[in-house]
Amino acid sequence: MSWLDRLRQGLSKTRQQFQDAAGDLGTDLQETLTRLDSIEDLEYALIAADVGRAATEEILADIRKSGKSNLQDALMEALTLQLEPDRRRAQFRQLGFTPDARRTVVDPRGHVVMVVGVNGVGKTTTIAKLGEYYLGRGKSVMFAAGDTFRAAAGAQLGVWGERLGIPVVGGPEGGDPAAVAYDAAAARAARGTDLLFVDTAGRLHTKHNLMEELKKVRRVIDKADPGEPADVWLVLDAVTGQNGLAQAKKFHEATPLTGVIVTKLDGTAKGGILIPIVRELGVPIKFIGVGEGAHDLQPFDPQAFVRALFDVEVPRD
Ligand SMILES: Nc1nc2c(ncn2[C@@H]2O[C@H](COP(=O)(O)OP(=O)(O)OP(=O)(O)O)[C@@H](O)[C@H]2O)c(=O)[nH]1
Ligand SMILES: [Mg+2]
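Keep in mind the model is a prediction, meaning the values are calculated, not measured.

What about the packing of aromatic side chains?
So, step 1. Taken as a whole and assessed by the stated rule, the structure comprises 7 aromatic pairs.
So, step 2. Taking 5.8 Å as the distance between ring centres and 20° as the angle between the ring planes, the aromatic pair formed by Tyr134 and Phe197 counts as stacked. In this pair, Tyr134 sits in helix H8 (residues 123-135) while Phe197 sits in strand E4 (residues 195-200), placing the two residues 63 residues apart along the sequence. By the burial criterion, Tyr134 is buried, and Phe197 matches it.
So, step 3. Look at Phe197 and Trp233: their rings are 6.5 Å apart centre to centre, the planes differ by 45°, and that puts the pair in the tilted class. One end of the pair, Phe197, is in strand E4; the other, Trp233, is in strand E5 (residues 231-237), and 36 residues separate them in sequence. Neither residue differs from the other here; Phe197 and Trp233 are each classed as buried.
So, step 4. Aromatic rings pair up to connect Tyr133, Tyr134, Phe197, Trp233 and Phe287 into one cluster.

Now the structure itself:
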């Protein structure tokens, strides 16, 4: 199955909620708008998909003003607009046109990317997928096994590194994650490797310690390689919905995020969670994860995502 099929299938539960709410999405927009029931049901379906209240209000307002002939097209346009970062969205509203999808820029800004997130969201797997992705784009890649807290986490990354031919810098289990990060950042700079992805622990003894630990990891990387990490990417599991958003805010406070990667979109009815992530964090979604394999990671493209949500073909370039 292609990643797009996996995404379409994954989003089918979210899609079904919209269809159940609004009936035939292909019917005439103006006629649908006169039916209060279906609009209220649609509002409910958007909330149920974790789109969030503020975005839901805007989406309904956009649909009312839409020049599209049917509900599905109006809804797709409004959802795509929501998935654009704040500034772009404001600009598009003002100019009265919708964004062009074909401009996904996912390359890191510097050489070191710190990958953070609570336990089990898919950090280590995502790092492996990122390695595969950038190797495929001709970059040299290294990994740092900075999760020294969880037994076997270093081994897990080691296995991926071996499989993909990517060097992994590690340290002793239970050792200091900052020491691993320091060594890896220094080695990256010395070797001139294009990209270093730093895995981090998702859990320590208390939440406060975790955030302090992440700040420390960040500081030592900057010491070993000034100006780095230029990126901190948060991995969020789509299945956790609004709860994940609360986590994201905590991480954002501790180590300002420059990107978000949403995993496990292949099995959730909460596909709408991407909207509050973009709105409330103001941080772009870089990639989405749609499975457990090394290839199941795709740069996030709002228009392609919304098309997959409604099971509409994506036009080829
Ligand atoms: N279905 C699905 N499973 C995923 C995806 N990404 C990761 N997983 C699975 O989620 C589980 C946890 O992944 P890990 O990469 O170990 O997560 P982690 O955040 O590193 O976890 P800790 O190291 O315990 O903090 C594994 O079974 C992965 O295969 C995804 O996009 N879709
Ligand atoms: Mg891990």
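Brief notes about the sheet that holds strand E7 (residues 285-289)
Strand-to-strand pairing in sheets goes through backbone hydrogen bonds, with the strands running parallel or antiparallel.
So, step 1. Pairing is mixed across the open sheet formed by 8 strands, whose spatial order is E3-E2-E4-E1-E5-E6-E7-E8. The sheet is open, and its two borders are formed by strand E3 (168-169) and strand E8 (297-299), each paired with just one other strand.
So, step 2. Where strand E1 (residues 112-116) meets E4, 4 bridges bridge the pair, whose relative direction is parallel. Bridged to Val113 within E4 is Phe197.
So, step 3. Where helix H10 (residues 177-191) meets the sheet, it contacts E1, strand E2 (141-146), E3 and E4, and its direction lies at approximately 165° from that of E2.

Each value, and the rule that gives it
Residues numbered from 1 in each chain as written. Chains lettered and ligands numbered in written order. Predicted model: local features only at pLDDT ≥ 70, side-chain atom pairs only at ≥ 80, totals over all residues. Heavy atoms only, no water. Phe/Tyr/Trp six-rings, centres within 6.5 Å; stacked < 30°, edge-to-face > 60°. Helix = DSSP H or I, 4+ residues; strand = E, 2+ residues; numbered from the N terminus. Buried < 20%, exposed > 50% of the residue type's maximum accessible area, 1.4 Å probe, protein only. Pairing = 2+ DSSP bridges. Contact = heavy atoms within 4.5 Å. Axes fitted to C-alpha atoms, helices over the stretch in contact; angles between N-to-C directions.

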